[in-house]
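Overview (structure and organization)
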Amino acid sequence: ALEPLSVGLAIGVAGALTGYLSHPSFYCSYVECCSSAGQRLNATALKAQLDARLFGQHLAKDVVLKAAIGFSNNPNPKKPLTLSLHGWAGTGKNFLSQILAEHVHPAGLRSKFVHLFLPTLHFPHDDELKLYKDQLQNWIRGNVSACPHSVFIFDEMDKMHPGLIDAIKPFLDYYEQVDGVSYTKAIFIFLSNAGGDLINRAALDFWTSGKHREEIQLKDLEPTLSVGVFNNKNSGLWHSSLIEKNLIDYFVPFLPLEQKHVKMCVRAEMIARGYAVDEEVVQAVVDEMTFFPKEEKIYSDKGCKTVQAKLDIHEDT
């Protein structure tokens, strides 16, 4: 028979060990945990990342940085942070959303608390709209219940079935709780090419009038952009209650990229691959890309989207 003292000691050691192993500081070093309620974004680190990795988007960087930090520092937000990013392909919308997600949850898109939705993958059939609405509500409800600081990214909104995104309106509204769940600390990000033509036209107008692109302010674009997206049948936000009820906090314009910005993308990609930057190769990659307007050739029509593929051709060089 075991001595009472031995049994008590064993139980005590087991209890202490269990307590240590289950302590958040230990457990969360091996298993991803949801950010604590008091955790705030590091403004300095986020700004440094945006400055180093996102080129030619002074407006988007400024708006998203201020919006994200302000939201993070608010201990009692009244609604989720909701951003709608607009611009042509290759201008950095996905890139910025990934950087922001990484600063909320370090694993970024690999995090179980960051959720990426693609209409052509998750909502492919026109005749299943009712089912998709139910699924979307259940996915968001379940994930926010597990982690109030969940991040939801909806890519290719211009391919979203009209009316589908309105299913999440209750979660974006000014409610403390919906069916016992609070959504006020979540982040929702919509990415769309819709409105890109409006943004490009405004940028070109600034250029032709002799103004610097850095002079473009949010007030110069956001009103026109929100109305344009609302009335665009291919925006995914066509006649959406999210716009009608002012539930999108910011419409963030991504400007078309100039040749100098594309060169920055090429240099960054070369460095990421461990190459020494060769300006002849940088210029060769840029020369293979197309720019508009046809005569002036100011802006890249694909942004930096094809830089990686173009650079592959020059690997040997």
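What counts as what
- Sequence positions are assigned chain by chain, starting from 1 and proceeding in written order.
- Reporting of local features is limited, given that this is a predicted model, to residues whose pLDDT is at least 70; pairs of side-chain atoms are given and counted only at 80 or more, and all residues count toward the totals for whole chains, interfaces and linings.
- Think of the side-chain values as coming from all heavy atoms in the structure, minus any hydrogens and water.
- UniProt positions are given in the numbering used here, feature names are shortened, and annotations may be inferred rather than shown by experiment.
- The numbering of helices and of strands both runs from the N terminus, where a helix is a DSSP run of H or I of at least 4 residues and a strand a run of E of at least 2.
- One less than the residue count of a helix, multiplied by 1.5 Å, gives the span that helix is expected to have.
- Burial status follows relative accessibility: with a 1.4 Å probe on protein chains alone, a residue under 20% of its type maximum counts as buried, one over 50% as exposed, and anything between as partly exposed.
- Directions pointing from the helix axis toward each C-beta atom define the arc.
- Throughout, a residue-residue contact means that at least one pair of heavy atoms, one from each residue, lies within 4.5 Å.
- Every definition here rests on a 1 Å grid over the protein atoms only: cavities are sets of points where a 1.4 Å probe fits but cannot get out, pockets are open sets enclosed by protein on both sides within 12 Å along at least five of seven lines, and lining residues have some atom within 4 Å of a point.
- For two strands to be treated as a pair, DSSP must find no fewer than two bridges joining them.
- Polar contacts, as counted here, are pairs of nitrogen or oxygen atoms within 3.5 Å of one another; within protein the pair requires one atom able to donate a hydrogen and one able to accept it, and residues that are adjacent in sequence qualify only if both atoms are side-chain atoms.

Under an unreviewed UniProt entry, the protein has the name TOR1B protein and belongs to Pygoscelis papua. Among the UniProt annotations of the protein, the heading Sequence similarities (unreviewed entry) holds the following wording: "Belongs to the ClpA/ClpB family. Torsin subfamily."

Glancing now at the UniProt feature "domain: Torsin-1A C-terminal" (unreviewed entry) in the protein. Per the UniProt entry, the sites bearing "domain: Torsin-1A C-terminal" (unreviewed entry) are residues 257–312 in this numbering. End-to-end, the C-alpha atoms of residues 257–312 are 21 Å apart, and along that stretch the chain is 52% helix and 7% strand.

The next point concerns helix α10 (residues 218–230). With 13 residues, α10 should cover 18 Å at 1.5 Å per step; its first-to-last C-alpha distance of 18 Å lies within 8% of that length. Among the residues of α10, L218, L221, E222, L225, S226 and V229 are the ones counted as buried. All buried residues of α10 lie within an arc of 125 degrees about the axis, which places them on one face of the element. Check the buried side of α10 and you find it contacts α4 (58–73), β1 (81–86), α9 (196–208), α11 (241–244) and β5 (250–253).

So, on to the UniProt feature "binding site: ATP" (unreviewed entry) in the protein. In this structure's numbering, the residues bearing the UniProt feature "binding site: ATP" (unreviewed entry) are G87, W88, A89, G90, T91, G92, K93 and N94. Looking only at the residues we just named, the largest pocket is lined by A89, G90, T91, G92, K93 and N94. The topology assignment puts G90 in the loop between β1 and α5 (93–104). Contact partners of G90, with chain neighbours within four places excluded, come to L257, K302, G303, C304 and K305. Under the relative-accessibility criterion, G92 is labelled buried at 14%. In this structure, G92 is in contact with L54 and F254, ignoring residues within four places of it in sequence.

A separate point is the pairing of strand β3 (residues 151–154). If a strand is regular, its side chains alternate between the two faces of the sheet. Burial along β3 is two-sided: the residues V151 and I153 and F152 and F154 are all buried. In this structure, strand β2 (residues 114–117) lies alongside β3, joined through four bridges in parallel fashion. For F117, the partnering residue across the bridge sits in β3 and is F154.

Time to look at the environment of T290. Looking at where T290 falls in the secondary structure, it is placed in the loop between α13 (279–287) and β6 (291–292). T290 sits 27 residues away from K263 along the chain, and the two C-alpha atoms are 13 Å apart. Setting aside residues no more than four positions away along its own chain, T290 makes contact with Y299, S300, D301 and K302. Of the polar contacts made by the side chain of T290, one reaches the side chain of D301; its length is 2.7 Å.

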